[in-house]
Amino acid sequence: MNALIRDLMPWISRICGSIALDRGDDAAQETLIVVLRNLPTLREPVALRAWVRQIAVRESVRVATRGRDVPVSDVSEGELPDVDLDDRIDVRETLGGLPPRHRAVLVLRYLEDLSEEQTAELLGVEPGTVKSRAHRAKHAFEERWRR
Amino acid sequence: MSAISPEAWPTATLDGVRRLQVLAAVLPGVHLEQREIDLPFERVWEFISDIERNVPRFDRDVASVRVTRREGNRLRIVTRLRRGLVVPFRVEIESGFMLMQAPARSYLVGSAASALDAGRTRYAHLEGVPRQVGRIGNARTTRHVVADIEGIARLLAEE
């Protein structure tokens, strides 16, 4: 069990850290508890990664929004130039300006490399919502990049 | 956006104390106790990692501990209990985290420490049979772990 924690942690740590930010450690801990408690119910071992990802995202959003007012409004969608951003940007600070559910979209789309459809399915929202949240997140990064 | 390298994304960490908390939350039959100790992390961990010298001093059931093999952060130890039983353990040890497992997962011992500040340390101690052991078994384990952690705190304060 300790070996499994060690194997999963590097991957979980990015998902939880990027969505829950300052509460990332709590989110990672709660993710591991849920994963290890429910591991015997996982019927297809090949699905482990997708299953753990789903739990990590859900726990991160839950921990990040616990006791907080969460802004849920999306900005209107629009066409933006496809810009490349680099690591000079303070990713953490920019993510901090976004609601946890938007951060979850970013993590799934750009860190986990899921499609809009896969992201929407995992989060239980419409693909259009994923698109608008990704747009808003991208806009926030671009604003920062222009400074 | 895709130009952001994986390393640039914020990461969470799971220190040894949190790792033990995870194990305590998912394993029936084990008990976890925590204390804040008014000593630096290095001092606490030096004491905990000297298992041959210190485990028999704070664990009332253990007469002696002998390290029989050392390979990096993995040890094999033999523990002789006061009532005569000899129990081998596989040990994983790293800074701030140690896990000792008896054969066939028949007993588990965990120690973890993390610095609260320069002079204070959070110490966590876990022990037990990692399966359902019933109310009486749980109560016995709890008493044992409480006695161990109180012994550790007392010995550290005396040294």
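Residues numbered from 1 in each chain as written. Chains lettered and ligands numbered in written order. Predicted model: local features only at pLDDT ≥ 70, side-chain atom pairs only at ≥ 80, totals over all residues. Heavy atoms only, no water.

> For this particular structure, what's the right way to read the overall build of chain B?
When helices and strands are counted, chain B shows 4 helices and 7 strands. Overall, chain B is about 65 × 35 × 35 Å in size when its C-alpha atoms are taken along their principal axes. Counting only residues that meet the buried cut, chain B has 49% of its 159 residues in that class. A separation threshold of at least 6 residues defines the contact pool for chain B, and within that pool the share at least 24 residues apart is 50%. Counting every atom, chain B has about 7900 Å² of accessible surface; 48% of that belongs to carbon and sulfur. Within chain B, one finds 24 positive and 20 negative side-chain charges whose respective centroids are separated by 9 Å. (Helix = DSSP H or I, 4+ residues; strand = E, 2+ residues; numbered from the N terminus. Buried < 20%, exposed > 50% of the residue type's maximum accessible area, 1.4 Å probe, protein only. Contact = heavy atoms within 4.5 Å. Areas by Shrake-Rupley, 256 points an atom, 1.4 Å probe, with all protein chains shown as cover. Lys, Arg positive; Asp, Glu negative; His and termini not counted. Charge placed at Lys NZ, Arg CZ, Asp CG, Glu CD.)

> Teacher, can you tell me more about the interface of chain A and chain B here?
Where interface size is quoted, it is often the accessible area lost as the parts come together. With 34 residues of chain A at the interface, the matching set in chain B holds 27 residues. Together, the buried faces of chain A and chain B total about 2800 Å²; carbon and sulfur atoms form 63% of this surface. Taken together, the connections running from chain A to chain B amount to 2 salt bridges. Remark: the boundary between chain A and chain B carries 10 residue pairs in polar contact (both at pLDDT 80 or more). Of the residues assigned to the side of chain A that touches chain B, the class counts are 18 nonpolar, 6 polar and 10 charged. (Buried area = accessible area lost by both parts, 1.4 Å probe. Salt bridge = Lys/Arg side-chain N within 4 Å of Asp/Glu carboxyl O. Polar contact = N/O pair within 3.5 Å; in protein donor to acceptor, adjacent residues only side chain to side chain. Nonpolar A, V, L, I, M, F, W, Y, C, P; charged D, E, K, R; others polar.)

> Please clarify how the environment of A:Leu114 should be interpreted in this entry.
Residue and element names in this part refer to chain A. On the secondary structure map, Leu114 appears in the loop between helix H5 (100–111) and helix H6 (116–123). Measuring from C-alpha to C-alpha, the distance between Leu114 and Val34 comes to 23 Å, with 80 residues separating the pair along the chain. Residues within four places of Leu114 in sequence aside, it is in contact with Arg53, Leu108, Arg109, Thr119 and Leu122.

> In this structure, what is going on with the environment of A:Ala27? I would like to understand it.
Residue and element names in this part refer to chain A. Mapping Ala27 onto the fold places it in helix H2 (residues 24–38). The buried category is assigned to Ala27, whose relative accessible area is 0%. Here the alpha-carbon distance between Ala27 and Ser60, two residues 33 residues apart in the chain, equals 5.0 Å. Apart from the residues within four sequence positions on either side, Ala27 is in contact with Cys16, Ala20, Glu59, Ser60 and Val63.

> Just checking my understanding: could you explain the side chain of A:Glu112 for this structure?
All names here are of chain A. On the secondary structure map, Glu112 appears in the loop between H5 and H6. A residue is classified by how much of its surface remains accessible, and Glu112, at 11% relative accessible area, is buried. The residues touching Glu112, leaving out its near neighbours within four places in the chain, are Trp11, Ile15, Arg49, Arg53 and Val107.

> Hey, could you run me through the confidence of the model for chain A in this one?
As a note on interpretation, predicted positions should not be read in detail where pLDDT is low. Model confidence for chain A is summarised by a mean pLDDT of 82, while 82% of its residues fall at 70 or above. Element-level mean pLDDT values for chain A span from 81 in helix H7 (residues 127–146) of chain A up to 96 in H2(A). (pLDDT = per-residue confidence, 0-100.)

> Help me understand the packing of aromatic side chains, please; the structure alone is not making it clear to me.
Two measures describe an aromatic ring pair: the distance that separates the ring centres and the angle between the ring planes. Residue and element names in this part refer to chain B. Scanning all chains against the criterion turns up 2 aromatic pairs over all chains. For the ring pair Phe41 and Trp45, a centre distance of 6.4 Å and an interplane angle of 5° mean the geometry is stacked. One end of the pair is Phe41 and the other is Trp45, both in helix H2 (residues 41–49) and 4 residues apart, which spans about a single turn. Across the pair, exposure class does not vary: Phe41 and Trp45 are buried alike. (Phe/Tyr/Trp six-rings, centres within 6.5 Å; stacked < 30°, edge-to-face > 60°.)

> I tried to follow helix H3 (residues 51–58) of chain B on my own but got confused; where do I start?
Given 3.6 residues to a turn, an α-helix orients residues that are three or four positions apart in the same direction. Along H3(B), the residues classified as buried are B:Ile51, B:Asn54, B:Val55, B:Pro56 and B:Phe58. Its buried side turned inward, H3(B) meets H2, strand E2 (62–71), strand E3 (74–81), strand E5 (97–101), strand E7 (120–128) and helix H4 (134–158) of chain B.

> Whenever I open this one, the side chain of B:Glu92 confuses me. Can you help?
If you trace the backbone, B:Glu92 turns up in strand E4 (residues 86–94). The exposure class of B:Glu92 is buried, given its relative accessible area of 14%. Within the local environment of B:Glu92, its side chain forms a polar contact with the side chain of A:Arg6, the two groups lying 2.9 Å apart.

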